[in-house]
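So you can see what is in the structure, the chains are spelled out below.
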There are 2 protein chains.
Amino acid sequence: MIQITLPDNSIKEFAEAVTGYEIAKSISNSLAKVVLSISVNGEVWDLSRKIESDASIKLYTWDNREGQETFWHSSAHILAEAIEFYYPGTQFGIGPTIDNGFYYDVDLPDGKVLSEKDLQKLEQKMLELARQKNEIVRYEVSKADALNLFKEKNDDLKEELIGELEDGTITLYKQGSFTDLCRGPHLPNTSYIKAIKLTSIAGAYWRGDEKNKMLTRVYGITFPKQKMLQEYLVLVEEAKKRDHRKIGKEMELFMFSEAVGQGLPMWLPKGAQLREQLENFLKKVQKKYGYDQVITPHIGDVNLYKTSGHYEKYGKDSFQPILTPSEGEEYLLKPMNCPHHCEIYKWKPKSYKDLPVRMAEFGTVYRYEQSGELHGLTRVRSFTQDDAHIFCRPDQLKDEFKKVIDIIFIIFKALSFENYTAQISLRDPNKPEKYIGSSENWDKAEQAIVEACEEKGLETTTEVGEAAFYGPKLDFMIKDALGRSWQLGTIQVDYNLPERFNLEYIGADDNRHRPIMIHRAPFGSMERFVAVLIEHTAGKFPLWLTPEQAVILPISEKYNDYAKKVSDFLNISDIRTVVDNRNEKIGRKIRDNELKRIPYLLIVGEKEAESETVSVRRQGVGDKGTMTNNEFVDFITKEVREQLSGLYN
Amino acid sequence: MIQITLPDNSIKEFAEAVTGYEIAKSISNSLAKVVLSISVNGEVWDLSRKIESDASIKLYTWDNREGQETFWHSSAHILAEAIEFYYPGTQFGIGPTIDNGFYYDVDLPDGKVLSEKDLQKLEQKMLELARQKNEIVRYEVSKADALNLFKEKNDDLKEELIGELEDGTITLYKQGSFTDLCRGPHLPNTSYIKAIKLTSIAGAYWRGDEKNKMLTRVYGITFPKQKMLQEYLVLVEEAKKRDHRKIGKEMELFMFSEAVGQGLPMWLPKGAQLREQLENFLKKVQKKYGYDQVITPHIGDVNLYKTSGHYEKYGKDSFQPILTPSEGEEYLLKPMNCPHHCEIYKWKPKSYKDLPVRMAEFGTVYRYEQSGELHGLTRVRSFTQDDAHIFCRPDQLKDEFKKVIDIIFIIFKALSFENYTAQISLRDPNKPEKYIGSSENWDKAEQAIVEACEEKGLETTTEVGEAAFYGPKLDFMIKDALGRSWQLGTIQVDYNLPERFNLEYIGADDNRHRPIMIHRAPFGSMERFVAVLIEHTAGKFPLWLTPEQAVILPISEKYNDYAKKVSDFLNISDIRTVVDNRNEKIGRKIRDNELKRIPYLLIVGEKEAESETVSVRRQGVGDKGTMTNNEFVDFITKEVREQLSGLYN
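Residues numbered from 1 in each chain as written. Chains lettered and ligands numbered in written order. Predicted model: local features only at pLDDT ≥ 70, side-chain atom pairs only at ≥ 80, totals over all residues. Heavy atoms only, no water.

A. Spatial organisation of the domain arrangement of chain A. Each assigned domain of chain A is listed here: domain 1 (2-61), domain 2 (66-240), domain 3 (263-295 + 336-361 + 387-537) and domain 4 (550-643). Here domain 1 of chain A and domain 4 of chain A have C-alpha centroids that lie 65 Å from each other. (Domains from an automatic or database assignment.)

As structure tokens, then:
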């Protein structure tokens, strides 16, 4: 008798060893059709693998990352089978899953270079193999047998991989005529795979080392339904159009310069304007919530980071220390703002009445990243955090958490992120030695976070054991307009830095106490947030935020003077306005400026100049009629006010 | 016959060799009474030294720096004479003049330590020696004679100094019983010195080297009139009260932390608020003048600074390069923003129609200073420039210069710097090899600056030969409330960086041209400017600028809620308001808050709470009567508007 414990703790009994597939089927036929793999006592297994003794299990479908990984893992094997079919003698490197699909690194015979046409041929072959419903079978083999097998195939790459494995842990998987070294897990057979797209080819050094041979990397993605592939391809096209690097260039928001250095973004005038709008918005919100802005330098003594522990964490792998020409000092580019803020906290003795202290800074920090890891504004070497640290008493923690949640809600609302989730990370109560701070404090802090979320009506998932060693936290994830998830906004409790910096306040009991520190950055960093915002809005920022709110288009050069006059008036009225006074046809000007994503196009000609009016056109909407200049100011000001209504003040 | 050419080019003839004193007397008796030294063919001489051949001369009085230096130089010798009188066997190091007075470094016998009382005794002796009207006589001596003289006196310090001099260039000066090695020049006799104050004592290593012996440095200052000394001492007292380091602490504007690093200011909330007000003010002004803000990182590739030439200038003596943990890159903390801005200029090809480009950034730069040189906010290792670079065509230079002058006028007006002068620095036309850029361009640029100043009605002095090698410039000096001069605001033409960065625009002629660059920073740096502003205003900033505009003082804790309500209302109305809800008597609260230099004190009690009013008190002025909350908003808003009226918008 075998007892299988399901995730809801109910138990199913089976007379003998049973597979994941059989368990699913015992629950329902429809479940059995969509289940892809199974977790057995925390380890992901093939659905067809026999469970020989009692176990806790969880079934994975396409809706689970684990299910997708199983699916794409098997797809990579079919890709390899198709390649071997057309190019016998190919040596196979590794074929892992990635965020979207999988790839296989292969060494094709005779220097073969794959073309677009070859990919189509391979796709067809893969579909054919999938339809054959070939069983995918798992074998446990000895190291010697495994080595022999691939030696016979002359596959040096696999031989090298096997050479590093421990005997007794090696498994092979075989489908159709193809056998691969693999840990698994895999689908029961190939027929699950209904839609296949090989997306691109790239060169990749064997094992990522440029001293090794260059292999061919074939990328692909597969789905259990044709429709899902079509939707995915549309999404990819749309994502390309919304790529923040592309739009950032088109809208002239930011740039990089090899001469200045990789991964060091420079904000062009419109980008700087956008960023300033965002910063001013957050400053206003934070002012309402009692935050104080400070400004600290971008370097700090190395010992400051030894005190904070950041040197241990970043020292070796980040930008190296800055020496002074004399006096033997050593500084670091700051990887974090917290140590500076702790020093400001310490400047003046604090009493319990002075808390909470909420210290905010748009602080630019520097962290080294390998050049290959850099990506637009989302992976950079310098970025500006919308950082703040709250120093509070234990009894203030819940209230402070609630206020930070409020601020994050305000931001999401102002920027139309309607779709978000939150995750609470708690400590593993069975491993108290992993965490600093008293168990009592942890209990209180965790309870404060849980209650704060409840009281704010925030839906959360809870992950036990995911807390940092220095405190529990709350993370926000948003879904953008394309349904992609981005992690934004962490609220992190910290018992560590107050300890390391010996921060204190005098309590009502006249004794010294340790404040609790909360780290929070709703945007995360200005760079990453602007990238997400660009991809979410396709560059069509909310009116209150967009760098240029209106562009004036004189229908001929004769009206350039009037256009300038209107532009001056609007700018004085705090409406960010530019003039397109190029000597171009009005139709061309409208088209060009729609592309620039400026919300209001104001067309002026003889009629408008005479009556001191503008003809108003809303980007992507159309004609809004003629308004006097004053009317337009009221009109647009009202729209901005409505967008921000109730968010601050 | 000797011909003496005066500064106005008139010529006086003398039958035989003549002294400066005699020349002065030949002009007028009253001039002879106040003249202190003379420049003879550009070299400053004793008044009593004979001029043996034709020469161009200039007479110096107390109103010239050269006159003061002669005066204080002689005063240092009298100090030495007095010290030798009381402490025979003293060895004498150097005794130079400084900005305010002079000092003498001495090695007193038997480890004698000077007390306050000793200083008074020395002052009395100096006055006595001065009144003796001892002649100060110059001797030219051989090196051997000079060495013998000081060997006899057992003065090793002087011996060491003489040892390094060239024979034939050595002069001694003697007054009364004291002889000193000295280049001069000196007063004719000691009676000019009417008022003497020895101000302080410090330790100083011989020749500034900590491996040498520690000497006693005695500081002093002297004047030709007793009244001038009294005025000076009052000024010193007032300057101490206004010391920006003291006020910065009292007003909680900024701090330093040894743990973060020396010379790295951190802006506390009120200081950050002050700085933001200043930055926003300048941003608005600059927006009106067509500037675009950009944001660039605080580091740049070392090669960027090799291109710009800054590496050669700052590389060795500033913060050392930052290495990367891999990939072998080298970065520098940026000492200047210009190279980054040149890279932004190059991002997109420019046509003559795109110019001028006016690129502004509040850019924080880092330059190493010896820790001994650091001083509050005026000498720091990190500072934020209100930097901008204008890239323009030659025909736009004058207009751009005029616009920058306008901006500087606006700033001076908004901050009540009514007393300022300007200096134009031109090239030395006899040394064309010293300068880069064509002679034609220099002519045009110099003419543009001169005309721009004329057209703006700016009074200037002109210094030929003071231009940088890369272009002429205009410097502004302000006088603060204590009459001290500060250099602020330089407008610098630059032909060098456009060349080094190969900057171009396409002209109307379709050919490539080189733009001219103008560097300008009206504040200089936020740090230094705030220091000057604090010392100028004694912390009583203009209402529009001050971090806290109003403080609400409830007369008892009963009215704390009403105070909070009023404060919320005022803050929403953009009036920066705080509440003093301490449990203190109202008299104490008024006193404490006057000290904090908050312009408006709003007292609230029963009457005010009932009628929704505040009792208004202007700092340093007194009662302004009772106003409704709305009336107060209008009142203070009007005052702010008047302060800034016409400055922007």
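B. The pairing of strand E33 (residues 600-604) of chain B, seen in detail. Residue and element names in this part refer to chain B. By the criterion of burial, E33 is predominantly enclosed, with five of the five residues buried. Burial of E33 is two-sided: the residues Tyr600, Leu602 and Val604 facing one way and the residues Leu601 and Ile603 facing the other way are all buried. With five bridges joining them, strand E31 (residues 550-554) and E33 adopt parallel strand pairing. In the sheet register, proline 554 faces E33, and the bridge partner there is valine 604. (Buried < 20%, exposed > 50% of the residue type's maximum accessible area, 1.4 Å probe, protein only. Helix = DSSP H or I, 4+ residues; strand = E, 2+ residues; numbered from the N terminus. Pairing = 2+ DSSP bridges.)

C. Region of the structure containing the sheet that holds strand E1 (residues 2-5) of chain B. Residues and elements named next belong to chain B. Strand order in this open sheet of five strands is E2-E1-E7-E4-E5, and the pairing throughout is mixed. Of all the strands in the sheet, the pair left with one neighbour each is strand E2 (11-14) and strand E5 (43-45). Here the average twist between neighbouring strands, direction ignored, is 35 degrees. Relative to E2, E1 runs antiparallel, the two sharing four bridges. Across the sheet, the residue bridging to isoleucine 2 is phenylalanine 14, located in E2. (Axes fitted to C-alpha atoms, helices over the stretch in contact; angles between N-to-C directions.)

D. How the structure looks around the interface of chain A and chain B. Listed by partner, the interface residues are 62 residues for chain A and 62 residues for chain B. Taken together, the two surfaces of chain A and chain B that pack against each other cover about 5200 Å², and 62% of this comes from carbon and sulfur. On the chain A side of the contact with chain B, Ile295, Pro325 and Trp347 of chain A bury the most area, a combined 13% of that side's loss. Here chain A and chain B share eight salt bridges between them. A salt bridge links lysine 348 of chain B to glutamate 252 of chain A, with the nearest nitrogen and oxygen atoms 2.6 Å apart. Taken together, the connections running from chain A to chain B amount to 27 residue pairs in polar contact (both at pLDDT 80 or more). For the side of chain A that touches chain B, a count of residues per class yields 28 nonpolar, 18 polar and 16 charged. (Contact = heavy atoms within 4.5 Å. Buried area = accessible area lost by both parts, 1.4 Å probe. Salt bridge = Lys/Arg side-chain N within 4 Å of Asp/Glu carboxyl O. Polar contact = N/O pair within 3.5 Å; in protein donor to acceptor, adjacent residues only side chain to side chain. Nonpolar A, V, L, I, M, F, W, Y, C, P; charged D, E, K, R; others polar.)

E. Representation of the packing of helix H9 (residues 269-288) of chain A against helix H13 (residues 397-414) of chain A. All names here are of chain A. Packing of H9 against H13 brings their axes to within 11 Å, and their N-to-C directions diverge by 145 degrees. Considering the relative orientation of H9 and H13, their crossing is right-handed. Contact residues: H9 offers Phe281, Leu282, Val285 and Gln286, while H13 offers Ile407, Ile410, Ile411 and Ala414. Grouping the amino acids of the contact of H9 with H13 by side-chain chemistry returns seven nonpolar, one polar and no charged. (Left-handed = near helix turned anticlockwise from the far one by under 90°.)

F. Seen up close, unusual backbone geometry. Residues and elements named next belong to chain B. Cis geometry marks the peptide bond from glycine 184 to proline 185; its omega dihedral reads 0 degrees. Within the secondary structure, proline 185 is located in the loop between strand E13 (178-181) and strand E14 (195-205). A cis amide bond, omega -5 degrees, links leucine 355 with the succeeding residue proline 356. Tracing the sequence through the fold places proline 356 in the loop between helix H12 (338-345) and strand E22 (357-366). For asparagine 154, which is not glycine, the phi torsion reads 55 degrees and is therefore positive. Its location among the elements puts asparagine 154 in the loop between helix H5 (143-152) and helix H6 (156-163). You will see that arginine 597, though not glycine, has its phi angle at about 65 degrees, which is positive. Looking at where arginine 597 falls in the secondary structure, it is placed in the loop between helix H18 (586-595) and E33. Residue class for arginine 597 comes out buried when judged on its relative accessible area of 14%.

G. How the structure looks around helix H3 (residues 65-86) of chain A. A rise of 1.5 Å per residue sets the reference length of H3 of chain A, with its 22 residues, at 32 Å; its end C-alpha atoms lie 32 Å apart and thus fit the reference within 8%. Within H3 of chain A, 17 of the 22 residues are buried, which leaves the element mostly enclosed by the surrounding structure. (Expected span 1.5 Å × (residues − 1).)

H. Fine view of the confidence of the model for chain A. Averaged over every residue, the pLDDT of chain A is 94; the share at 70 or more is 100%. Confidence metrics for the complex model read pTM 0.86 and ipTM 0.86. (pLDDT = per-residue confidence, 0-100.)

I. How the structure looks around the pattern of salt bridges. Summed over all chains, the structure comprises 108 salt bridges over all chains. Between arginine 597 of chain A and glutamate 250 of chain A there is a salt bridge, with the nearest N and O atoms lying 3.2 Å from each other. Taken together, the residues span a long stretch of sequence, with arginine 597 of chain A in the loop between helix H18 (586-595) and strand E33 (600-604) and glutamate 250 of chain A in helix H8 (residues 244-250) at a distance of 347 residues. The salt bridge partner of arginine 379 of chain B is glutamate 369 of chain B, with a shortest N-O separation of 3.1 Å. Taken together, the residues arginine 379 of chain B in the loop between E22 and strand E23 (382-392) and glutamate 369 of chain B in the loop between E22 and E23 connect sequence positions ten residues apart. Take glutamate 369 of chain B: its relative accessible area is 19%, and that puts it in the buried class. Salt bridges sharing partners connect three or more residues here, namely Asp580, Arg582, Glu584, Arg588 and Asp592 of chain A.

J. A look at the packing of H13 of chain A against helix H14 (residues 439-455) of chain A. Residue and element names in this part refer to chain A. For the pair H13 and H14, the least separation of the axes is 9 Å and the interaxial angle reads 40 degrees. One element, H13, and the other, H14, form an angle in the oblique class. Judged by the twist between their axes, the crossing of H13 over H14 is right-handed. Contacts between H13 and H14 involve Leu397, Lys398, Phe401, Lys402 and Ile405 on the former and, on the latter, Ala445, Ala448, Ile449, Glu451, Ala452, Cys453 and Glu455. Split into classes, the residues belonging to the contact of H13 with H14 amount to eight nonpolar, no polar and four charged. (Parallel < 35°, antiparallel > 145°, perpendicular 65-115°, else oblique.)

K. Just the packing of aromatic side chains, in detail. Residues and elements named next belong to chain A. Applying the stated criterion across every chain yields a total of 52 aromatic pairs over all chains. Judged by centre distance (5.8 Å) and plane angle (80 degrees), the ring pair of phenylalanine 319 and tyrosine 368 falls under edge-to-face. Remark: tyrosine 368 occurs in the loop between strand E22 (357-366) and strand E23 (382-392) and phenylalanine 319 occurs in the loop between helix H11 (310-314) and strand E20 (322-323); sequence separation between them is 49 residues. Tyrosine 368 matches phenylalanine 319 in its accessibility class, with the two residues each being buried. What links up through ring pairs into an aromatic cluster is the set Phe409, Phe412, Phe417, Tyr420, Phe476, Phe523 and Phe529. (Phe/Tyr/Trp six-rings, centres within 6.5 Å; stacked < 30°, edge-to-face > 60°.)

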